[in-house]
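Structural features, examined
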Amino acid sequence: MAREYTDARVPYLKIAAEIRRKITRGDLAPGAKLPTVMELMEQFGSASNTTIQKALQVLKEEEIIEGRPGKGVFVRQHGQQPIEPLAYMAPAAAGEPYKWMTEAARNGQVGSAQLLDVAVVTPPAEVAAALELEEGEQALLRKLILTLDGQPTELTRSYYPLGLSEGTPMMEKRRIKGGTPTLLNQMGFPPREFIDDVSAEIPTEEEAVALELPKGMPVLVAFRVVYSDGGRPVEATLMTKAAHLHRMRYRLTVPAAEEAA
């Protein structure tokens, strides 16, 4: 027997979710005009004017729709932007800036990276396990906020074994030309394998403030472990993005089936 389930959310949050999904999946494209309040009231089972207005206010606070006086309510132009991890995996070429900047420019945007902190810390348990650290062993943390066109886009917390980072520019509280992947490559630790675990989570206070998130908005958290030659883990990173503004895109190539002998 199937278990009965009732959506306990208040009506305006249900309506906001329905409209949001139409926007994120492309049924309401960037620049599209939303139905009028009266039309939405009818569409959502004679919902009250107040309920519709509250639903629209939620979406305005998320910056995915905007009101234009005398014209109506429209989907904002930026839409939900795909982030393709594969584009950022190779170290930057000699003399080139951090991959975040070059990929932003390729997409017609301005990317920037602000270094928030560099510290030797006791890492979270999953980081310690990924980096194969001994119990109680510390790691280097480098924390950055990445932006696109001035909008906070990703909070990045990268951890490195002290055995790799001590005595290198990674220990200094300054940005590294091309980013730490480029420096690791120059040090003889080229990236050979990446493993990403992606989850949707409730943001911590640090994430909500850093990404300027509207109330109640979840985040995408990608936990990436980078391995170099011999399967040696050289970096473990937590990358947090606003779920309503971004999506992860992975390109997977299926190997051709071997011909029968």
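In this text the structure is predicted, and so the values were computed from the model without any measurement.

A separate point is the packing of aromatic side chains. All chains considered together, the criterion is met by 0 aromatic pairs. The residue whose ring lies beneath Arg68 is Phe74, and the NZ or CZ to ring-centre distance is 4.0 Å.

Bringing the pairing of strand β6 (residues 151–161) into the picture now. The buried fraction of β6 is high, at 10 of 11 residues. Here strand β5 (residues 139–148) pairs with β6 via 10 bridges, running antiparallel. Each bridged residue has a counterpart across the sheet, and for Leu148 the counterpart in β6 is Gln151. Where β5 folds back on β6, the antiparallel hairpin that results is connected by 2 residues, among which Asp149 adopts a positive phi of roughly 50°. The sheet contact formed by β6 and strand β9 (residues 233–242) spans 6 bridges and is antiparallel. The residue bridging Leu155 from the neighbouring strand is Thr240, located in β9.

So, about the pattern of salt bridges. All chains considered together, the criterion is met by 13 salt bridges. Residues Arg20 and Glu62 are paired through a salt bridge, measuring 2.7 Å at the closest nitrogen-oxygen approach. Remark: Glu62 occurs in the loop between α3 (49–61) and β1 (65–68) and Arg20 occurs in helix α1 (residues 11–24); sequence separation between them is 42 residues. Among the charged side chains, a network of salt bridges with common partners joins Lys143, Arg157, Glu206 and Glu207.

Residues of the protein chain with pLDDT of at least 70 account for 97%, and the chain-wide mean is 90. When mean pLDDT is taken per element in the protein chain, helix α5 (residues 125–130) scores highest with 96 and strand β3 (residues 81–83) scores lowest with 83.

Glancing now at α3. Spanning 13 residues, α3 covers 18 Å between terminal C-alpha atoms, matching the ideal 18 Å at 1.5 Å per step. Among the residues trailing α3, Glu63 stands out with phi positive, at a value near 65°.

This part is about the nonpolar core. By size, the foremost hydrophobic cluster in this structure holds 40 residues, and its most contacted members are Ile19, Ile23, Leu34, Ile52, Leu56, Ile65 and Phe223. If we skip the residues at most four places from it in the chain, Ile23 touches Leu28, Ile64, Ile65 and Val75. Grouped together as the second largest cluster of nonpolar side chains are 20 residues, Trp100, Ala104, Leu146 and Leu148 included.

Below, the discussion takes up the pairing of strand β8 (residues 219–227). Counting buried positions along β8 yields 9 of 9 residues, so the element is predominantly enclosed. Residues Val219, Val221, Phe223, Val225 and Tyr227 of β8 are buried on one face, and the alternating residues Leu220, Ala222, Arg224 and Val226, pointing to the opposite face, are buried as well. Across 9 bridges, strand β7 (residues 193–201) lies against β8 in antiparallel orientation. Looking at β8, one finds that Glu193 is bridged to Tyr227. Hairpin connection, β8 to β9: the antiparallel pair is bridged by 5 residues, and Gly230 has positive phi, about 75°.

Attention now goes to the sheet that holds β7. The strand order across the open sheet built from 6 strands is β4-β5-β6-β9-β8-β7, with neighbouring strands paired in antiparallel fashion. Strands at the two margins of the open sheet, each flanked by one partner only, are β4 (111–121) and β7. With strand direction ignored, the average angle separating the axes of adjacent strands in the sheet is 15°. Strand direction decides the pairing type here: β8 and β9, joined by 9 bridges, are antiparallel.

Conventions we followed
Residues numbered from 1 in each chain as written. Predicted model: local features only at pLDDT ≥ 70, side-chain atom pairs only at ≥ 80, totals over all residues. Heavy atoms only, no water. Phe/Tyr/Trp six-rings, centres within 6.5 Å; stacked < 30°, edge-to-face > 60°. Lys NZ or Arg CZ within 6 Å of the ring centre and 35° of its normal. Buried < 20%, exposed > 50% of the residue type's maximum accessible area, 1.4 Å probe, protein only. Helix = DSSP H or I, 4+ residues; strand = E, 2+ residues; numbered from the N terminus. Pairing = 2+ DSSP bridges. Salt bridge = Lys/Arg side-chain N within 4 Å of Asp/Glu carboxyl O. pLDDT = per-residue confidence, 0-100. Expected span 1.5 Å × (residues − 1). Core = buried A, V, L, I, M, F, W, Y, C linked by side-chain atoms within 4.5 Å. Contact = heavy atoms within 4.5 Å. Axes fitted to C-alpha atoms, helices over the stretch in contact; angles between N-to-C directions.

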